[in-house]
Amino acid sequence: MHPEVSLAAIQDAPRGFLSTMIVSSPSDIARLGDSVDRLTPGHDTTLSPTFFLASLAGNWLPRVAVVYRGQAIVGIAYGKERTIAGFPTGLIYADGRLGTLAIARPADCEEVVLAAIRAWFALPRVRGIRLAISPTGVEARVLARVGSTIPIDLTHSAAAPTELHSRLVLPPAYETFLDALGKKTRRNFRYYRRKSEAAGHTYHEQLSYEDFDRAANDLRTRCHLSSSISEIRRAVRTVKSASDPWIAGLRHSNGDWLSVSAGWYGSNSATMFLQLNNDRQFGEASLSVVLRAYLIETLINNSISELVFWSGSAPPLSRYVEPLPAIAVHLDAPTLGWRFVRGMIGTTEPFIGRWITPDVRWMVGTGMSSEPLGGAPDHRERA
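All residue numbers refer to position in the chain's written sequence, counted from 1. Owing to the predicted nature of the model, reporting of local features is limited to residues with pLDDT of at least 70; listing and counting of side-chain atom pairs is limited to 80 or more, with chain, interface and lining totals taken over all residues. Where side-chain values are given, they derive from all heavy atoms of the structure, hydrogens and water being excluded.

Draft legend 1. Broad picture of the sheet that holds strand S18 (residues 327-332). Any two strands between which DSSP finds at least two bridges are classified as paired. Helix and strand labels come from DSSP, where a helix needs a run of H or I of at least four residues and a strand needs a run of E of at least two; each type is numbered from the N terminus. What the 6 strands build is an open sheet, ordered S3-S6-S7-S9-S18-S10; its pairing is mixed. The two strands at the open ends of the sheet, each matched to only one other strand, are strand S3 (60-62) and strand S10 (153-158). Adjacent strand axes in the sheet meet at a mean angle of 25° when their direction is disregarded. As defined by bridge partners, strand S7 (residues 87-96) adjoins strand S9 (residues 128-133) across 6 bridges and the pair is classed as parallel. Note on geometry: axes are C-alpha line fits, over the in-contact stretch for helices, and angles between N-to-C directions span 0 to 180 degrees.

This is the structure we're talking about:
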């Protein structure tokens, strides 16, 4: 049975009584599209319920907080609960790295975040919430004072580098972009692209969905780090769910796909969600550089001023991007049993650290700081 909890979240005399319901049915979540459009007109595609549902991997269950004032929806927060071997863990994750943890009008954002946190903790057996947020956004302000309103253990840390989105500002001309690169990187962008063209390989600016499916499946095991079938299906499904997707590819002279990249367009921006390359057979061809050279030139010609790399970029462009700051926040129920489990693993980590999986660290919060959230590290200087 899907948990649906209606509870009093906040009493606010001037603006009325707020209540929150947790929605877990995909069909009910899909029907929230009109409310999202009303609350955030012209929103990014990542805020649509269709995108959220498409991006869910098989080991996650949706736990969407819908906040009401009376009968009207005033806010939505997309959450998901992690499962292991099909069993819910009682740990909920929500992504606010782009400053959009709460889908609400600006005046309601803080109250919606707080109401969502309260509602998630009110679910049966939920023992913790894991958030990725901007350190300077609404969510950080709410969490800085959440301990005074909810009995909670709050810890935080810098987000892992692999979790940081990054942006590359694109100039009006492709040659200007090349001139801004270092000498070696600029040479590689030109050299490997000419080498690819001389071999008869071709760049395709927009693939059909059929070609996208075929290319992604063909390249799945040909990358240095191969992906599972379910991971590829989820990535392809996520791109297809976007309101304005783009799919570009590099094709061998014999018709085989050498590289494919995909994402979606925003307002004057493009987001790269995935790229797959046949590095096992063509490790000396710098396929990633070749495809990105074509892609960036195409985006510039289409007056796109920014390329966003979802969860960061690999070299060599990682030296030229601006990471978007984010922090990881853990909120845990202050029960003795849960504190004991987290404390035991934290105590033994120095001795068995290399055997602790990232999943375990994510669950128990090892390496997290319990200092006030306002003291969290600011990534802007590092970026």
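Draft legend 2. Quick peek at the confidence of the model for the protein chain. Averaged over every residue, the pLDDT of the protein chain is 88; the share at 70 or more is 87%. pLDDT expresses, on a scale from 0 to 100, how confident the predictor is about each individual residue. Here, residues are in contact when the closest pair of their heavy atoms is within 4.5 Å. Here residues 1-14 is modelled with pLDDT under 50, and outside its nearest four sequence neighbours on either side it reaches 35 contacts, counting other chains as well. Contacts from residues 375-383, a stretch scored under 50 in pLDDT, to residues over four places away or in other chains number 13 contacts.

Draft legend 3. Quick look at the packing of aromatic side chains. Two aromatic rings, drawn from Phe, Tyr or Trp (for Trp, its six-membered ring), form a pair once their centres lie within 6.5 Å of each other, and the interplanar angle then sorts them: stacked below 30 degrees, edge-to-face above 60, tilted otherwise. Applying the stated criterion to the full structure yields 10 aromatic pairs. Both rings, one in Trp60 and one in Tyr93, keep their centres 6.1 Å apart while their planes meet at 50°; by these two values the pair is tilted. Separated by 33 residues along the polypeptide, Trp60 in strand S3 and Tyr93 in strand S7 bring together distant segments of the chain. Across the pair, exposure class does not vary: Trp60 and Tyr93 are buried alike. Measuring from centroid to centroid gives 4.9 Å for Tyr191 and Tyr192, while their planes differ by 75°, and the two rings are edge-to-face. Per-residue accessibility, obtained with a 1.4 Å probe over protein chains only, is compared with the maximum for each type, and a residue is labelled buried under 20%, exposed over 50%, and partly exposed between these values.

Draft legend 4. Structural view of helix H8 (residues 209-219). Here H8 has its buried residues at Asp211, Phe212, Ala215, Ala216 and Leu219. Along the axis of H8, the buried positions cluster into a sector of 125°, meaning they face one direction only. Looking at the packing, one finds that the buried side of H8 touches helix H9 (229-241), strand S13 (245-251), strand S14 (257-265) and strand S15 (269-277). Arc definition: it is the arc formed by the directions from the helix axis to the C-beta atoms.

Draft legend 5. How the structure looks around the side chain of Glu81. With respect to the secondary-structure elements, Glu81 resides in strand S6 (residues 80-84). Two N or O atoms form a polar contact when they lie within 3.5 Å of each other; inside protein one atom must be a possible hydrogen donor and the other a possible acceptor, and for residues adjacent in sequence the pair counts only when both atoms belong to side chains. Polar contacts involving the side chain of Glu81 include one to the side chain of Arg63, which spans 2.9 Å. At 2.9 Å, the side chain of Glu81 forms a polar contact with the backbone nitrogen of Gly90. For Glu81, the contacting residues outside a window of four places in its chain are Asn59, Trp60, Leu61, Arg63, Pro88, Thr89, Gly90, Leu91 and Ile92.

Draft legend 6. View of the pattern of salt bridges. When a carboxyl oxygen of Asp or Glu is within 4 Å of a side-chain nitrogen of Lys or Arg, the pair counts as a salt bridge. Within the structure shown, the criterion is met by 16 salt bridges. A salt bridge links Glu81 to Arg63; the nearest nitrogen and oxygen atoms lie 2.9 Å apart. Taken together, the residues span a long stretch of sequence, with Glu81 in strand S6 and Arg63 in the loop between S3 and strand S4 (64-69) at a distance of 18 residues. Taking relative accessible area as the criterion, Arg63 reaches 7% and is therefore assigned buried. Between Arg69 and Asp108 there is a salt bridge, with the nearest N and O atoms lying 3.4 Å from each other.

Draft legend 7. Region of the structure containing the pairing of S15. Among the 9 residues of S15, 9 are classified as buried, and the element is accordingly described as predominantly covered. Bridging between S14 and S15 involves 7 bridges; their strand directions are antiparallel. Residue Ser259 lies in a different strand from S15, and its bridge partner there is Asn277. Counting the residues between successive antiparallel strands, the hairpin from S14 to S15 contains 3 residues, one of them, Asn268, with a positive phi of roughly 60°. Strand direction decides the pairing type here: S15 and strand S16 (residues 306-309), joined by 4 bridges, are parallel. Counted as the bridge partner of Ala270 is Leu307 from S16.

Draft legend 8. Representation of the sheet that holds strand S12 (residues 202-204) within the structure. Overall, mixed pairing links the 7 strands, which are arranged S12-S13-S14-S15-S16-S11-S17 in an open sheet. In the strand order of this sheet, the two ends are held by S12 and strand S17 (322-323), each with one partner. Judged from the 3 bridges that link them, S12 and S13 form a sheet pairing that is antiparallel. When the sheet's bridge partners are listed, His204 is paired in S13 with Gly249. In this fold helix H10 (residues 287-301) packs onto strand S11 (166-169), S12, S13, S14, S15 and S16, with an angle of close to 160° to the strand it touches most, S15.

Draft legend 9. Highlighting the packing of helix H4 (residues 109-122) against helix H5 (residues 138-146). Relative to each other, H4 and H5 sit at 55°, their axes nearing to 9 Å. It follows from the interaxial angle that H4 and H5 lie oblique. The element H4 and its partner H5 pack so that their crossing is right-handed. Contacts between H4 and H5 involve Cys109, Glu110, Val113, Leu114 and Ile117 on the former and, on the latter, Val138, Glu139, Arg141, Val142, Leu143, Arg145 and Val146. In this classification, the charged set is Asp, Glu, Lys and Arg, the nonpolar set is Ala, Val, Leu, Ile, Met, Phe, Trp, Tyr, Cys and Pro, and all remaining amino acids, among them Gly, are polar. Each residue belonging to the contact of H4 with H5 can be placed in one class, and the counts come to 8 nonpolar, no polar and 4 charged. The cut-offs work like this: below 35 degrees is roughly parallel, past 145 is roughly antiparallel, 65 to 115 is roughly perpendicular, and the gaps in between are oblique. Should the near helix be turned anticlockwise from the far one by less than a right angle, the crossing is left-handed, and should it be turned clockwise, the crossing is right-handed.

Draft legend 10. Helix H7 (residues 183-198), seen in detail. Expected span, for any helix, means 1.5 Å times one less than how many residues it has. Taking 1.5 Å per residue, 16 residues should reach 22 Å; H7 reaches 22 Å between its end C-alpha atoms and fits that length. Those residues of H7 not exposed but buried are Thr185, Arg186, Asn188, Phe189, Tyr192, Arg193 and Ser196. All buried residues of H7 fall inside an arc of 160° around its axis, so they share one side. Across from the buried face of H7, at angles greater than 90 degrees, the exposed residues are Lys183, Lys184, Arg194 and Ala198. Trailing H7 by a residue or two, Gly200 shows a phi angle of about 90°, which is positive.

Draft legend 11. Quick look at the nonpolar core. Only buried residues count toward a nonpolar core. Its members are Ala, Val, Leu, Ile, Met, Phe, Trp, Tyr and Cys residues joined through side-chain atoms within 4.5 Å. Core analysis: the biggest nonpolar cluster contains 38 residues, and Trp120, Leu131, Leu143, Val329 and Leu331 have the highest contact counts within it. Taken together, the elements giving at least two residues each to this core come down to strand S2 (16-23), S4, strand S5 (72-77), S7, H4, S9, H5 and S18. Per-element tally for this core: the top contributor is H4, with 10 residues. Excluding its chain neighbours within four sequence positions, the residues that come into contact with Trp120 are Ile22, Arg63, Ala65, Ala77, Tyr78, Gly79, Ile92, Ala94, Val126 and Ile129. Among the nonpolar cores identified, the runner-up in size contains 30 residues, and Phe189, Leu291, Leu295 and Val321 belong to it.

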